[in-house]
Amino acid sequence: MTSLDDMASDWGSYQGLKTVSVSDQFKHASIQRQREMLPIYRHRDSITYLIESTQVVILIGHTGSGKSTQLTQYLHEDGWTKDGKIIGCTQPRRVAATSVAQRVAEEIGCRIGETVGYSIRFEDTTTEKTVIKYLTDGMLLRELMIDPLLRRYSVIMIDEAHERTIYTDILLCVLKKVIKKRKDLRLVISSATIQAHEFAKFFGDKSQIISIEGKMFPIDVLYLSEPAENYIEKTIQTIFDIHIEEPDGDILAFMTGREEITKVLQAVKDRSFHDESSVRLLPLPLYSGLSQDEQNAIFDPTPPNTRKVIIATNIAEASVTVDGVIYVIDCGYVKVRTFDPATKIDSLIVTPISKASAVQRAGRAGRTRPGKCFRIYTETCANELDEVSSPEIQRSNLAMPILQIKSLGIDNIAKLDFVTPPPVNLVINALELLYSLKALDDYAKLTIPDGLRMAELPLNPMLSKVLLASASYGCTEEILTIAAMLTVENVFYKPRDEVKAADAEHRKFTVEEGDGLSLYNVYQEFVRSKKSSKWAYDRYLNNKSLVKAVSVRNQLVRYLQKLEVNVIKSSVPATADIVRKCLTLGYFSQAARMQPDGSYKLVAAQDVTVWPHPSSVMFNRIADWVIFTEIVEVNDKIYILGITTIERDWLLELAPDYYKVKRR
């Protein structure tokens, strides 16, 4: 193995990138002392005065400055939660909303759900006692649907706004209208420097910018002298080079997705068996599909004689701060979701990161002492990166966001004032799909009750349509279960050395009709086992995912009751044909026909070839016509998941406005 000394010809370095950090002594100080030593504390009076006197404050705060955890507490202590008011702080990701809320609750000395709580999709810990609320930006948009003026809130902080998620951009657009009617409402927009002036320009003379300068430790940034042939293998090699050559300190390595993370984790575990070092490696994953307990594991203190190795996606770039990380490995890539309105394909594409993201990643190092960032690319490549990533609103399927915007009573999307307007073709595509789903009428207005109900359900419009239609098809019980199972990840798992045994167990649940009904079978048997974790373990099923599915299903039942949808439990289960037909009513736009070589051609874009994903029960099975719930692109090959077999005539019957028969 090459040591870092031997890599002198491989790496070039420079000093200078700095980040906010907290020294080792903080760990042993009181919580109050820790709070006072954060960089934001010195600016407390200036920030709170500015919020008092200015309706919109743009806050520039470096990573680790304390802005996410401290500002809400300052405002609470200054009386902004009197008279039944609450303070809201949005986060672009669920793991950030939950971890920051837990930290603030710890500092205040309360349990989650008391003074501090969080709200994410299918999980709301807030109560009547909660006055500091952390939530994802999508959840705040849902609250706007219920109360368009957000009357309960005194201050709303949009954290990490520079990430420009689709819901962050929509929130900024809608909140700009809200503050015109609510002069008492205060907005705090937390942003990286590069985006701050754009936000200030958007809000005009209602806004002011304030920057937090903090104590910083230097970070060495090291580049490769030559491009890496395989950034995954180079990352694995660099982990062990750091482990052998560098002093103690945890490692954070950025990968693009779950598959790469799994590969790196397994390699670290395998090679650790041959590691003669007295300090062992503790590899941990971090990506959005993990359970809450699995995500929280990265925040646990590192055991003695151990070096934590966190392999993460870009969710670790911002908001989520892991103390103890001294070394960062940046692969230089990120997986972004991109929707092509021509093919109707929503792809996850691996693409180079931006300069802003590179700075964010490097800033994760050196929290407690000077750190190092190893970039698995050359300095020339770094200089050629885009300044910032393109906003999500310019490359996403807009069907769900537009449905929610219209539920707010905003019918003319073209007149909305966005920070960055979405492309016209994406808007048109979303409107066409919503019209085909009968969520919109001929005048592009929300239909009543179906369109309004679809907007209120926390599911994508296609699955919402299926769930609402299930009552008339007499299969609500089955669709509720399938919908819940489709919202959780990793129901099936296969240990690398037990693949055949896992496949044999999984086949007991599978049916020729496809993934939806197979997942239904898994759920039914899990419930019959009295939700036994041993039962799940013995059948190579993810117990945590199944428990989550039970919770989601119960919540969906409550949503239907709230929407006054008649949920009648039939004594006779619906037939497979009825369930499949009901699924087709929502997913007709995602249909495909099998080809002689086992691939499929999309019906809506016949020049596009797709393949059943290996995780699908339809992998290596024959079916003439199918619908699917998800499509992903991996290594230039397009896969479909959530596959259900259908009859061709159902497409013409259920979607006559979408499909026509070609006459020759």
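Worth saying up front: this structure is predicted, and the values here are computed from it rather than measured.

The rules we used
- Residues numbered from 1 in each chain as written.
- Predicted model: local features only at pLDDT ≥ 70, side-chain atom pairs only at ≥ 80, totals over all residues.
- Heavy atoms only, no water.
- Helix = DSSP H or I, 4+ residues; strand = E, 2+ residues; numbered from the N terminus.
- Rg over C-alpha atoms; globule rule 2.2 N^0.38 Å.
- Buried < 20%, exposed > 50% of the residue type's maximum accessible area, 1.4 Å probe, protein only.
- Contact = heavy atoms within 4.5 Å.
- Areas by Shrake-Rupley, 256 points an atom, 1.4 Å probe, with all protein chains shown as cover.
- Lys, Arg positive; Asp, Glu negative; His and termini not counted.
- Charge placed at Lys NZ, Arg CZ, Asp CG, Glu CD.
- Pairing = 2+ DSSP bridges.
- Axes fitted to C-alpha atoms, helices over the stretch in contact; angles between N-to-C directions.
- Core = buried A, V, L, I, M, F, W, Y, C linked by side-chain atoms within 4.5 Å.
- Phe/Tyr/Trp six-rings, centres within 6.5 Å; stacked < 30°, edge-to-face > 60°.
- Lys NZ or Arg CZ within 6 Å of the ring centre and 35° of its normal.
- Polar contact = N/O pair within 3.5 Å; in protein donor to acceptor, adjacent residues only side chain to side chain.
- Parallel < 35°, antiparallel > 145°, perpendicular 65-115°, else oblique.
- Left-handed = near helix turned anticlockwise from the far one by under 90°.
- Nonpolar A, V, L, I, M, F, W, Y, C, P; charged D, E, K, R; others polar.
- Salt bridge = Lys/Arg side-chain N within 4 Å of Asp/Glu carboxyl O.
- pLDDT = per-residue confidence, 0-100.
- Patch = residues over 30% accessible without salt bridge, like charges linked within 9 Å, V, L, I, M, F, W, Y side chains within 5 Å.

### Remarks on the overall build of the chain
Next up, step 1: The helix and strand inventory of the chain stands at 23 helices and 24 strands.
Next up, step 2: Expected size for 664 residues packed as a compact globule is a radius of gyration near 26 Å; at 26 Å, the chain falls within 12% of this value.
Next up, step 3: Across the 664 residues in the chain, those meeting the buried criterion constitute 57%.
Next up, step 4: Taking the contacts inside the chain whose residues are at least 6 apart along the sequence as the reference set, 75% of them involve residues at least 24 apart.
Next up, step 5: Counting every atom, the chain has about 29,400 Å² of accessible surface; 49% of that belongs to carbon and sulfur.
Next up, step 6: In the chain, 82 side chains carry a positive charge and 85 a negative one; their mean positions are 5 Å apart.

### A short note on the sheet that holds strand 7 (residues 153–158)
Next up, step 1: Strand order across the open sheet formed by eight strands is 5-4-6-3-7-8-2-9, with mixed pairing between neighbours. In this open sheet, the two edge strands, each paired with only one partner strand, are strand 5 (123–124) and strand 9 (207–212).
Next up, step 2: Its contacts with the sheet place helix 2 (residues 44–53) against strand 2 (56–61), strand 8 (186–191) and strand 9, and it is angled at close to 170° to strand 9.
Next up, step 3: Of the strands in this sheet, strand 3 (86–91), strand 4 (116–120) and strand 6 (132–136) are in contact with helix 4 (residues 94–108), which crosses strand 4 at around 170°.

### As for the nonpolar core
Next up, step 1: Ile156, Ile158 and Ile189 are the most contacted members of the largest nonpolar core, which totals 98 residues.
Next up, step 2: Ranked by residues supplied to this core, first place goes to helix 6 (residues 166–181) with 10 residues.
Next up, step 3: Apart from the residues within four sequence positions on either side, Ile156 is in contact with Gly88, Leu140, Leu150, Leu175, Leu185, Arg186, Leu187 and Val188.
Next up, step 4: Listed in part, the 30 residues of the second largest apolar core include Cys89, Ala97, Val100 and Ala105.

### Quick word on the packing of aromatic side chains
Aromatic ring pairs are reported here in terms of the distance separating the ring centres and the angle at which the planes meet.
Next up, step 1: The tally for this structure, following the rule as stated, stands at eight aromatic pairs.
Next up, step 2: Here the aromatic rings of Tyr223 and Tyr377 are separated by 6.2 Å at their centres, their planes lie at 65°, and the arrangement is edge-to-face. Note that Tyr223 is positioned in strand 10 (residues 216–224) and Tyr377 in strand 17 (residues 371–378), a separation of 154 residues in sequence. Comparing Tyr223 with Tyr377, the two get one shared label, buried.
Next up, step 3: In this arrangement the basic side chain of Lys176 is found over the ring face of Phe202, its NZ or CZ atom lying 4.2 Å from the centre.
Next up, step 4: Against the face of Trp611 rests Lys637, its NZ or CZ located 4.5 Å from the ring centre.

### Let's talk about the side chain of Asp147
Next up, step 1: As for its placement among the helices and strands, Asp147 is situated in the loop between helix 5 (137–146) and strand 7.
Next up, step 2: Judged by relative accessible area, Asp147 falls into the buried class, the value being 17%.
Next up, step 3: Within polar-contact distance, the side chain of Asp147 engages the backbone nitrogen of Arg151 at 2.7 Å.

### Side note on the packing of helix 16 (residues 461–473) against helix 22 (residues 576–587)
Next up, step 1: For the pair helix 16 and helix 22, interaxial distance at closest approach is 8 Å and the crossing angle is 140°. By the angle class used here, helix 16 and helix 22 are oblique. The two elements helix 16 and helix 22 cross, and the hand of that crossing is right-handed. Here Met462, Leu463, Lys465, Val466, Ala469, Ser470 and Tyr473 of helix 16 lie close against helix 22, whose contacting residues are Ile578, Lys581, Cys582, Leu583, Leu585, Gly586 and Tyr587.
Next up, step 2: Classifying every residue of the contact of helix 16 with helix 22 by side-chain character gives 10 nonpolar, two polar and two charged.

### Some thoughts on the pattern of salt bridges
Next up, step 1: Going through the model one piece at a time under the given rule, you end up with 34 salt bridges.
Next up, step 2: The salt bridge partner of Lys67 is Glu160, with a shortest N-O separation of 3.9 Å. Here Lys67, found in helix 3 (residues 67–77), pairs with Glu160, found in the loop between strand 7 and helix 6; they are 93 residues apart in sequence, far enough to count as distant.
Next up, step 3: For Lys67, a relative accessible area of 6% corresponds to the buried category.
Next up, step 4: What you see here is one network of salt bridges that share partners, running through Arg35, Arg44, Glu77, Asp78, Arg103, Glu106 and Glu107.

### Re the confidence of the model for the chain
Regions with low pLDDT carry predicted coordinates that are not meant to be interpreted in detail.
Next up, step 1: On average, residues of the chain score 89 in pLDDT, and 93% of them are at 70 or above.
Next up, step 2: For the chain, strand 1 (residues 11–20) is the element with the lowest average pLDDT, namely 45, and strand 7 is the one with the highest, namely 98.
Next up, step 3: Across residues 1–9, confidence stays below pLDDT 50; counting only partners more than four residues off in sequence or on other chains, it has 17 contacts.
Next up, step 4: Throughout residues 13–28 the model reports pLDDT below 50, and contacts reaching past four residues in sequence, or to other chains, amount to 54 contacts.

### A short note on the sheet that holds strand 18 (residues 591–594)
Next up, step 1: Sheet architecture is open: seven strands sit in the order 22-23-20-19-18-21-24, paired in mixed fashion. A single partner strand is all that each edge strand has here, and the edge strands are strand 22 (630–634) and strand 24 (644–646). Here the average twist between neighbouring strands, direction ignored, is 40°.
Next up, step 2: Bridge analysis of strand 18 against strand 21 (residues 625–627) gives three bridges, and the strand direction is antiparallel. Note on strand 21: the bridge partner recorded for Ala591 is Ile627.

### Quick look at the packing of helix 6 against helix 13 (residues 399–407)
Next up, step 1: Remark: helix 6 packs on helix 13, axes separated minimally by 11 Å, with the N-to-C direction vectors making an angle of 20°. Considering their axes alone, helix 6 and helix 13 lie roughly parallel with respect to each other. Two packed elements cross with a definite hand, and for helix 6 against helix 13 that hand is right-handed. Counted together, Ile166, Tyr167 and Ile170 of helix 6 and Met400, Pro401, Gln404 and Ile405 of helix 13 form the full contact between these two elements.
Next up, step 2: Here the contact of helix 6 with helix 13 is composed, by residue class, of six nonpolar, one polar and no charged.

### Section: the environment of Gly117
Next up, step 1: Checked against the element boundaries, Gly117 lands in strand 4.
Next up, step 2: Take Gly117: its relative accessible area is 0%, and that puts it in the buried class.
Next up, step 3: As for Gly117 and Asp205, which are separated by 88 residues in sequence, their C-alpha atoms are 33 Å apart.

### A closer look at helix 3
Next up, step 1: With respect to burial, helix 3 is a largely interior element, nine of its 11 residues being buried.
Next up, step 2: All of the buried residues along helix 3 are Lys67, Ser68, Thr69, Gln70, Leu71, Thr72, Gln73, Tyr74 and Leu75.
Next up, step 3: Directly beyond the C-terminal end of helix 3, a positive phi value near 100° is found at Gly79.

### Regarding a positive patch on the surface
Next up, step 1: Together, Lys177, Lys180, Lys181 and Lys183 line one region of the surface with positive charge.
Next up, step 2: Following the sequence through the fold, Lys177 ends up in helix 6.
Next up, step 3: Relative accessible area serves as the criterion here: at 45%, Lys177 is assigned to the partly exposed category.

### Quick look at the pairing of strand 8
Next up, step 1: Of all the six residues making up strand 8, six are buried; the element is thus mostly covered by neighbouring parts of the structure.
Next up, step 2: Alternating positions in strand 8 separate into two faces, Arg186, Val188 and Ser190 on one and Leu187, Ile189 and Ser191 on the other, with burial throughout.
Next up, step 3: Examined bridge by bridge, strand 2 and strand 8 share five bridges and lie parallel to one another. Residue pairing in the sheet places Val56 in a bridge with Leu187 of strand 8.

### Some points on the pairing of strand 23 (residues 637–641)
Next up, step 1: Counting buried residues along strand 23, four of its five residues qualify, which places the element largely inside the surrounding structure.
Next up, step 2: As paired strands, strand 20 (residues 609–612) and strand 23 are joined by two bridges and run parallel to one another. Paired with Trp611 across the strands is Tyr639, a residue of strand 23.
Next up, step 3: Note: strand 22 against strand 23, five bridges, orientation antiparallel. Its bridge partner being in strand 23, Glu630 is matched across the sheet by Leu641.

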